[in-house]
Amino acid sequence: MKIKRREFLHKSAIVVAGVSAAAAGVTVAGFAAEWTARLKTLTAHEGDTLLKMARKIFPHDRLGDSYYIKTVADLDAEASSRPATAKMLSAGVANLDHSAKGKFVAQPDGEEIAALKTIQHTPFFEKVRSTEIVSLYNNQEVWKVFGYQGASYPFGGYLHHGFNDLNWLPEPPEAASPKPV
Amino acid sequence: MARFDSNDDSVVVIIGSGAGGGTLANELCHKGFKVVLLEAGQRQSPQTFRNDEWFAFKQLAWLDKRTTSGTWRVARDFPNLPAWTCKTVGGTTVHWAAASLRFQEHEFKARTTYSNVSGANLLDWPISLADLAPYYARAEDKTGVTRTNDIPGLPGNNNFKIMYNGATRVGYKTVHTGRMAINSRPRDHRSSCWQLGFCLQGCKSGAKWSTLYTEIPKAEATGRLDLRPQCHALQIQHESGGNATGVLYADKDGKHAWQKARIVCVACNSIESPRLLLNSASSRFPHGMANSSGQVGRNYMRHTTGSVYAIFNKPVHMYRGTVMAGIITDEAELNTKRGFAGGFEMETISLGLPFAAAFLDPGAWGRDYTSVLEQYPNMAGMWIVGEDMPQATNAVTLHPKEKDQWGLPIPNVHYDDHPNDVAMRNYGYKQGAAVYDAVGAVKTIAVPPYPSTHNMGTCRMSERPGDGVCNKWGQTHDVKNLFISDGSQFTTSGGENPRLTIVSLAIRQADHIAAESTKRNL
């Protein structure tokens, strides 16, 4: 427990420092401290960097950080079971900071995209992007925001739930589109 | 369910339980043959399917590692996933969208019709439409294809309404909800379509035809089918005279097992079928079994595909209802004035949000891309599926170094787009966009091909043994008791979804095997 607590404090301190240095704060210090403390393998700085990356790769202003934190959590889980992934992520974050000529998390709007473009063909970037495309968009809470209803079997399919409710174009003739049973 | 002895050399061994293998198994069982059906995947059911794109992908797709090469964009976007096919009982009939179209007369004579297209390894099929027509009729009846056998068409969904209005406004004449092997009325002890919107994830209503819950249980009911799931064929073996004697496979525990056979039928889809023949090389068949022509693995075709999605300023909800909800057939006709050989179909398609994000522009990121995804509810989509040119160098080969979990070389799939394919795709993108622009699209998006679900031609039929792997019955030229029973036997791809032709050929092949057995030629 003591070790965990020390890790928690260590990670929190770095996140707070990182966030206070960020001009455009995508994370709130207290919240960040809370979620990065749960990372098993990644450091708080790595977590915070990956969170900012995730927000810039698939930016949706209407989505809060929690949706993007899932990507970092999934990366952390993989890093915990695969040392090669942990190494790739750690080196990738360091390289991104190097590209950003400082801390990527501290870069102002606009410049961080340029930094990401310099690394977009690296395995590290592809790892984050390909993880995020599932972690972010395969989330039922996100589906609600995007107007995707997902599974229809529980309510008997879309047959009686709007599969043909489009009313801003003329109805096709029955020969082309017979009426439902 | 039957269980035959591994030394029983009176059985027919069929490898693969999809459209070809599953159908062939049922046909042969009903003719009195004993059949061992080897299937690499597990047995699922409508109860175990889930309306969840990623879950279903992991549950059903063939995910064993493959490599890719060539100029096709799939090699860049999905380097280890050239094909989106299935490893499960029922094969890719669990995943297919159910469009059921006959090939056209001229498509069986591609070489004659299109003449000598530079760089293409075109050949006429050794059969004609007239040869296959009676089997098409049986396949349509067996699988319950709408708009045949007095089966009404399916009702069109919102995605179809967009397609219909756009198509008719640009002057297309033949637009309807398609010929689909999806029940519009209860039939064959299966329900009618619930418009679930998850055709590709395994149909939970059972309205969509799949060998999993039609052919296979019917074959089991004869008492002559020994279905062995999770049994992965490794090698076909033969006696000194060259006839096939049986199949070596790995069972669900990874243990090697052996089944003797009087006849072996290969129906593992067009990547694994040639791979199995190549992995069955021996001193008698140094370049792979049934490969004296050198054509095993060559002429890999995957259709000239691409999709067009459009964004409107009003809601569409394309994901509601059947995925392939309608078709425009005008561009499928023989028409050489467009600057390319062959034709294509335009069929609605939809993706749920998770797969839309993954497939609309693979690899894309940033605000331009996410601003498109934010329009998801207002999106409509269509898929272009057209004839691609066989090329000798588009081939499934054995990887020189990498091995699979059984220690056998994994397949590499090489595909270079032929200039004809590129011309057709670009024309298709233009026409698809025109359809959507005609009904007020705010934006249209040309989407590159997904990993291939239509895989054809790697063990093709030919009149002359030097031109292909099997004859007009799917019987290999080199080994008389070895048959190719899937889309691998296609001489050319046609412009239509291949499933109906695969099933028709399987029914025909079963008749041939029975007739030749009666004559003691097999």
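Here, the structure is the one placed above.
Rules behind the numbers
- Residues numbered from 1 in each chain as written.
- Chains lettered and ligands numbered in written order.
- Predicted model: local features only at pLDDT ≥ 70, side-chain atom pairs only at ≥ 80, totals over all residues.
- Helix = DSSP H or I, 4+ residues; strand = E, 2+ residues; numbered from the N terminus.
- Buried ≥ 20, exposed ≤ 12 C-beta atoms within 10 Å, placed from the backbone.
- Contact = placed C-beta atoms within 7 Å.
- Pairing = 2+ DSSP bridges.
- Axes fitted to C-alpha atoms, helices over the stretch in contact; angles between N-to-C directions.
- Parallel < 35°, antiparallel > 145°, perpendicular 65-115°, else oblique.
- Left-handed = near helix turned anticlockwise from the far one by under 90°.
- Nonpolar A, V, L, I, M, F, W, Y, C, P; charged D, E, K, R; others polar.

Chemist: Looking at this structure, how should I read the overall build of chain A?
Modeler: Looking only at helices and strands, one finds eight helices and zero strands in chain A. Reading chain A from its N end, one meets helices and strands in the order α-α-α-α-α-α-α-α. Counting across all 181 residues of chain A, residues that qualify as buried make up 36%. The long-range fraction of contacts in chain A, counting pairs at least 24 apart against all pairs at least 6 apart in sequence, stands at 64%.

Chemist: What is the right way to look at the interface of chain A and chain B in this model?
Modeler: For interface size, the figure often reported is the accessible area lost on association. With 36 residues of chain A in contact, the opposing surface of chain B contributes 43 residues. For the side of chain A that touches chain B, the elements supplying multiple residues, two or more each, are α7 (123-137) and α8 (140-146) of chain A. For the side of chain A that touches chain B, the element with the most residues is α7 of chain A, which contributes four residues.

Chemist: Honestly, the sheet that holds strand β3 (residues 67-69) of chain B in this entry has me stumped. Any pointers?
Modeler: All names here are of chain B. Strand order in the open sheet formed by three strands is β3-β15-β14, with mixed pairing between adjacent strands. Both edges of this open sheet fall to β3 and β14 (396-403), since each of them pairs with a single strand only. When strand polarity is set aside, the average angle formed by the axes of neighbouring strands in this sheet is 35 degrees. The pairing of β14 with strand β15 (residues 409-414) spans four bridges and is antiparallel. Looking across to β15, one finds that Val396 is bridged to Val413. Sitting on the sheet, helix α8 (residues 269-278) touches β14 and β15, and the angle it makes with β14 is about 70 degrees.

Chemist: Explain the packing of helix α3 (residues 44-57) of chain A against α7 of chain A to me, please; I cannot follow it from the model alone.
Modeler: When two helices pack together, their arrangement is captured by the angle between the axes and the distance separating the axes. All names here are of chain A. Following both chains from N to C, one finds α3 and α7 inclined at 70 degrees, their axes separated by 10 Å at the closest point. In this view, α3 runs roughly perpendicular relative to α7, as classed from their interaxial angle. When the axes of α3 and α7 are compared, the crossing they make is right-handed. Mapping the contact onto sequence places Leu50, Met53, Ala54 and Ile57 in α3 and Val128, Arg129 and Glu132 in α7. Looking at side-chain class alone, the contact of α3 with α7 contains five nonpolar, no polar and two charged residues.

Chemist: How do you make sense of unusual backbone geometry when you look at a structure like this?
Modeler: At Lys101 of chain A, a position not held by glycine, the phi torsion is positive, near 55 degrees. Tracing the backbone shows Lys101 of chain A in the loop between α5 (83-99) and α6 (111-119).

Chemist: Just to check I follow, could you spell out the environment of His256 of chain B for this structure?
Modeler: Residues and elements named next belong to chain B. Secondary-structure assignment places His256 in strand β8 (residues 256-260). Residue classification places His256 among the exposed positions, given that 11 C-beta atoms sit within 10 Å. The sequence separation of His256 and Ser100 amounts to 156 residues, and the corresponding C-alpha distance is 38 Å.

Chemist: Whenever I open this one, the pairing of strand β5 (residues 225-228) of chain B confuses me. Can you help?
Modeler: Along any regular strand the residues' side chains alternate between the sheet's two faces. All names here are of chain B. Both faces of β5 are covered, namely the face carrying Leu225 and Leu227 and the face carrying Asp226 and Arg228. One ladder, built from four bridges, connects strand β2 (residues 35-38) with β5; its direction is parallel. Its bridge partner being in β5, Val36 is matched across the sheet by Asp226.

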